[in-house]
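Coordinate inspection notes
Chain by chain, the residues:
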Amino acid sequence: MVRNVFKGNPISRTNYKAETDLVVGMGVVRDYEKKTVGFPKAETADDIYVVDKERIPTGEACARTDFSDYEKIFQDVAKGEPVKIDMFAPGTAFAVDQVSTADAPVKGKRVSVGTDGLWRNATVASRYLYSEDYVDNGHKLIKIEVLDTAATN
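Being a predicted model, the structure only gives us computed values, none of them experimental. (Residues numbered from 1 in each chain as written. Predicted model: local features only at pLDDT ≥ 70, side-chain atom pairs only at ≥ 80, totals over all residues. Heavy atoms only, no water.)

**Overview of the pairing of strand β13 (residues 139-151)**
For clarity, the cut-off: One bridge is not enough; two strands pair if DSSP finds at least two bridges between them. Helix numbering and strand numbering both begin at the N terminus, where a helix is a DSSP run of H or I of at least 4 residues and a strand a DSSP run of E of at least 2.
Alignment of strand β9 (residues 93-96) against β13, held across four bridges, turns out to be antiparallel. If you follow valine 96 over to β13, its bridge partner there is isoleucine 142.

**Observations regarding the sheet that holds strand β5 (residues 36-38)**
Here is the rule we go by: Lines fitted to the C-alpha atoms define the axes, with helices restricted to the stretch that makes contact. Angles between their N-to-C directions range from 0 to 180 degrees.
Overall, mixed pairing links the five strands, which are arranged β2-β5-β4-β6-β8 in a closed barrel. Between one strand axis and the next, the sheet turns by 55° as a mean value, whatever way the strands run. Where strand β4 (residues 27-31) lies against β5, three bridges are found, and the strand directions are antiparallel. Considered in β5, the bridge of arginine 30 is made with valine 37.

**Quick notes on the side chain of arginine 30**
Going by this rule: Each residue gets one of three labels from its accessible area relative to the maximum for its type: buried under 20%, exposed over 50%, partly exposed in between, using a 1.4 Å probe on protein chains only. A positive count includes Lys and Arg, and a negative count includes Asp and Glu. His and the chain ends are not counted in either. By convention in these notes, a salt bridge is any Lys or Arg side-chain nitrogen within 4 Å of a carboxyl oxygen on Asp or Glu. Residues adjacent in sequence count toward polar contacts only when both atoms are side-chain atoms; beyond that, a polar contact is any pair of N or O atoms within 3.5 Å, and within protein one must be able to donate a hydrogen and the other to accept it. Here, residues are in contact when the closest pair of their heavy atoms is within 4.5 Å.
When you line up the elements, arginine 30 lands in strand β4. Here arginine 30 occupies a buried position and makes no salt bridge, while the nearest side chain of opposite charge, aspartate 47, is found at 6.9 Å. In this structure the side chain of arginine 30 is engaged in a polar contact, spanning 3.2 Å, whose partner is the side chain of tyrosine 16. In terms of polar contacts, arginine 30 uses its side chain to reach the side chain of tyrosine 32, at 2.8 Å. Residues contacting arginine 30, with those up to four places away along its chain left out, are Arg13, Tyr16, Thr36, Val37, Tyr49 and Ile85.

**Observations concerning the packing of aromatic side chains**
The following threshold applies: Stacked, tilted and edge-to-face are the three classes assigned to paired rings of Phe, Tyr and Trp, where Trp is represented by its six-membered ring and a pair needs centres within 6.5 Å; plane angles under 30 degrees give stacked, over 60 edge-to-face, the rest tilted.
Counting across every chain of the model gives five aromatic pairs. In this structure an aromatic cluster arises from ring pairing among Phe88, Phe94, Trp119 and Tyr128.

**Description of the pattern of salt bridges**
If the charged atoms of two oppositely charged side chains come close together, the side chains can form a pair. Scanning the entire structure with this criterion turns up ten salt bridges. The residue lysine 53 makes a salt bridge to glutamate 81 at a minimum N-O spacing of 3.5 Å. You can see lysine 53 sitting in the loop between β6 (49-52) and α1 (72-75) and its partner glutamate 81 sitting in the loop between β7 (76-77) and β8 (82-87), a full 28 residues away along the chain. We classify lysine 53 as buried; its relative accessible area is 16%.

Next up, the structure:
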């Protein structure tokens, strides 16, 4: 899940496809030649886009009228599927639930994206700060503020 907490004018792109199965809220990088997005080859906090997805029901779900944003059909992006990606500018903040359990982010510290697309405690310079927990209708997310300059923890 991704929520815009302090929204400025994030750069959204929809002309890329998923290189692998993705989940909304993951951090990805672009492959400019293949026009795909996927996980970084190494931990990074540079040129990170956040996976998002328009919440439009498909198939049998079209017969329903009441949906949660957390439903699987709105969270999963299959390999080869067109994907919406957002880049957040300094001064904005967003909240995600796609965080590493192996190298869990620490509140008040910088975060980055690992080779699995999950947000983690940064060991590289990053402008992304895990500022606080964010509860979205009972779902725990982490709020990430985008700072002007990158620094190490």
